[in-house]
Amino acid sequence: MQRMEDVPMPDPMAMEVDGFPSAALEEGWPASLRPPLPSTATALAELTKAQAALAFRELTSAAQWSAELCVALPDVADDALLAVPLDAYAGIGSGRLYSSVVLAKAHFGMREYGRAAHVLQHVRDLHRHPAALFIRLYALYLAGEKRREEEAAEVAEPVEKCQVKNAELEGIEEQLAALHERGALQDGLLLYLYGIVLRGLGRRAEARRVLVQSVHACPWNWSAWLDIVAICSDLNDAASIRVELKLPDHWMAAFFWAALLMELQRNEEAAGIYAELRQCFPDSSYIMSQIATCQYNMRNFDASQVLFDDIRKRDPYKLASLDTFSNILYVKEQSAALSHLARQAVMIDKYTPEACCIVGNYYSLRGEHEKSVTYFRRALSLNRNFTPAWILMGHEYMEMRNTSAAIDAYRTAVSINQRDYRAWYGLGQTYEMLNLHFYALFYYRRSMMLRPDDARMWCAMAECYHSMDRKAEALNCYEKAHRCGDRERVALPRLARLHVELGNRPQAAHSYEHLLAQSNCGPSYPKVSGGGLSTEVVEALKFLMVFYREEGRLSDCENCASQLLDTAGAEKDEAKAMLQDLRVSAEGRQLTPEALTHGGPRRFNAAGLWTADQPNM
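A brief structural summary. Please read these numbers as outputs of a predicted model, since none were measured by experiment.

1. Let's talk about the nonpolar core
Consideration 1: By size, the foremost hydrophobic cluster in this structure holds 107 residues, and its most contacted members are Tyr141, Leu193, Phe255, Tyr274 and Phe281.
Consideration 2: The element contributing the most residues to this core is helix H5 (residues 130–153), with twelve residues.
Consideration 3: In this structure Phe255 touches Trp65, Leu69, Trp222, Tyr274, Leu277, Phe281, Tyr286 and Ile287, once residues within four positions along its chain are discounted.
Consideration 4: Cys356, Tyr410, Tyr421 and Ala481 belong to the second largest nonpolar core, which has 77 residues in total.

2. What about unusual backbone geometry?
Consideration 1: One non-glycine residue, Glu58, lies in the positive phi region at around 65°.
Consideration 2: Topologically, Glu58 is positioned in the loop between helix H1 (40–56) and helix H2 (60–72).
Consideration 3: The class of Glu58 is buried, set by a relative accessible area of 16%.
Consideration 4: Residues other than glycine seldom take positive phi values, yet Asp486 does so here, at roughly 50°.
Consideration 5: For Asp486, the position within the fold is in the loop between helix H25 (471–483) and helix H26 (491–501).

3. A look at the packing of H1 against H2
Consideration 1: The N-to-C vectors of H1 and H2 enclose an angle of 155°; their axes lie 8 Å apart at closest approach. The orientation of H1 with respect to H2, classified from their angle, is roughly antiparallel. The crossing of H1 and H2 is left-handed. Taking contact as the criterion, the partners of Leu44, Leu47, Thr48, Gln51, Leu54 and Ala55 in H1 are, on H2, Ala62, Ala63, Ser66, Ala67, Leu69 and Cys70.
Consideration 2: In terms of residue class, the contact of H1 with H2 is made up of nine nonpolar, three polar and no charged.

4. Observations regarding H2
Consideration 1: Given a rise of 1.5 Å per residue, 13 residues ought to cover 18 Å, and the 18 Å separating the end C-alpha atoms of H2 matches this to within 8%.
Consideration 2: Listed in full, the buried residues belonging to H2 are Ala62, Ala63, Trp65, Ser66, Leu69, Cys70 and Ala72.
Consideration 3: Buried positions along H2 lie against H1, helix H10 (222–231), helix H12 (252–263) and helix H14 (285–297).

5. Some words on the pattern of salt bridges
Consideration 1: Per the stated rule, a full pass over the model turns up 27 salt bridges.
Consideration 2: A salt bridge links Arg147 to Glu168; the nearest nitrogen and oxygen atoms lie 2.5 Å apart. With a gap of 21 residues between them, Arg147 in helix H5 and Glu168 in the loop between helix H6 (158–163) and helix H7 (169–181) connect regions that are remote in the sequence.
Consideration 3: Take Glu168: its relative accessible area is 23%, and that puts it in the partly exposed class.
Consideration 4: Residues Asp454 and Arg456 are paired through a salt bridge, measuring 2.7 Å at the closest nitrogen-oxygen approach.
Consideration 5: On the basis of relative accessible area, Arg456 is assigned to the partly exposed category, the value being 25%.
Consideration 6: Linked by salt bridges that have partners in common, Glu173, Arg203 and Glu206 make up one network.

6. Comments concerning a negative patch on the surface
Consideration 1: Taken together, the side chains of Glu149, Glu150, Glu151 and Glu154 present a region of like negative charge at the surface.
Consideration 2: The residue Glu154 is located in the loop between H5 and H6 in this model.
Consideration 3: Taking relative accessible area as the criterion, Glu154 reaches 70% and is therefore assigned exposed.

7. Description of the environment of Tyr431
Consideration 1: By the secondary structure assignment, Tyr431 is in helix H22 (residues 421–433).
Consideration 2: Take Tyr431: its relative accessible area is 0%, and that puts it in the buried class.
Consideration 3: Considering only alpha carbons, one finds Tyr431 and Tyr443, twelve residues apart in sequence, at a separation of 8.8 Å.

Scoring rules and cut-offs
- Residues numbered from 1 in each chain as written.
- Predicted model: local features only at pLDDT ≥ 70, side-chain atom pairs only at ≥ 80, totals over all residues.
- Heavy atoms only, no water.
- Core = buried A, V, L, I, M, F, W, Y, C linked by side-chain atoms within 4.5 Å.
- Buried < 20%, exposed > 50% of the residue type's maximum accessible area, 1.4 Å probe, protein only.
- Helix = DSSP H or I, 4+ residues; strand = E, 2+ residues; numbered from the N terminus.
- Contact = heavy atoms within 4.5 Å.
- Axes fitted to C-alpha atoms, helices over the stretch in contact; angles between N-to-C directions.
- Parallel < 35°, antiparallel > 145°, perpendicular 65-115°, else oblique.
- Left-handed = near helix turned anticlockwise from the far one by under 90°.
- Nonpolar A, V, L, I, M, F, W, Y, C, P; charged D, E, K, R; others polar.
- Expected span 1.5 Å × (residues − 1).
- Salt bridge = Lys/Arg side-chain N within 4 Å of Asp/Glu carboxyl O.
- Patch = residues over 30% accessible without salt bridge, like charges linked within 9 Å, V, L, I, M, F, W, Y side chains within 5 Å.
- Areas by Shrake-Rupley, 256 points an atom, 1.4 Å probe, with all protein chains shown as cover.
- Lys, Arg positive; Asp, Glu negative; His and termini not counted.
- Charge placed at Lys NZ, Arg CZ, Asp CG, Glu CD.

Written as structure tokens, this is what we have:
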């Protein structure tokens, strides 16, 4: 673990919240700029051709995505004509080239990428046949990726793992760059390959530009759209895509914008776009899972669970996104449902990252954290870039109080996806556990910038400020958390206590009044054992009882004291004493001043304890 003093840490207060590019896409995707969704017949014809072309070039993920959308379309009329996909081999004139391409694809199917590339290595004028050229270069790319993963598996240090590179990238880039400079690289899928090679070489700006050219030439390649989203590691980049690079005026852009808005944590807008797309593709399990994930991100767990249950009925063997479903069951502590989901996932395919994360969540819910870490590690051995597994493993290390391992896990997650607020928040929690509040504040602030409307981020920052004795900043953070909704009901009690510490009793009373109003009209605070009221409500009633007495609001004071009679602790005795004091005071108004000197009314101090005035001797 890197020493913390070697890590440059900017001043959190120097980072302007309003200046962060969270507002970079304020306009989102204006409806006036959205292309119309296609008719069923048009979408079916386009996707069928795209699926055939993508499958021929071994882009199996994109081909599967297109085929699923085809199946999700409503039935077309009987007289609707479906264009037959073009023969992918039609442009191959020679029998030798035909045989070479067939053999290369056979090697591809056997995952023998080196042999697939070698078969096409000595074909004359290969650049004149884009499909054959793509298969050869893509085979080289995958062979390099396979070797890179094998080499990375032999390296122990996480930092060194990230430094292992694909050795084939430079050679592929030289060939494609020469064609691109001559203007001979017009094929959309070759442009996609060129874009992912540039991305692998760290030339992000060039990669994004080439990938946008790719989706102009072939908008049905979903993998290209996803790579554009992935390259946008910060929100300024995301905004400049619409402003500078001019995406194609095609209905596939709707899927891209919805995915991008989800990355930017603008889940409500993303769900709206997906709802529109679902009208065109009503049976798409992908769209349904994305809407369910949006609901999960917005913490509408019940709605998300209903959608995931529906997805499992429609597509019972689909594992993608089910790790998110397991998170919902974990949060809701539905151990039986999570156990059933884990068994089903293992039966479908236990050697997938999603299945491993589901089983890991199951063991975590049972408190078997070491077993849980074992399964998250297994998920990462299957896909090292599976960010949820890194984050969940970091959570488990936190439960085990292994802070150094937790920091390594969270930092790796951040290096893979800087837009995932959970990794930044986890780093903040880890450093807060180490009582390094300045460092924790830095990471909490990063997570807050990604989710500025999440009250949990503001409460975490407030706790750090409070621990650093910066109570004014803590006060502002708690107020912001309250304005953001604060579903955990944490901000108001802490805000009121902080006002009491600062001597702002009227403001504290105002916060406690809001707390009581929340308790009456919404979900209750957790009940205190042995009583009918929560600890926070009892605290509020106790403070307000004294405050109202001091302010002369005797009716409100009596109301608070009467409610405290429902408690079973010391507050009940104090409430009885207050009611007795109120009765004595009421009777005292009818007595003479001489009578009062022999037994003055009791008063309550700022701590809520009552004392009796002593008569003058």
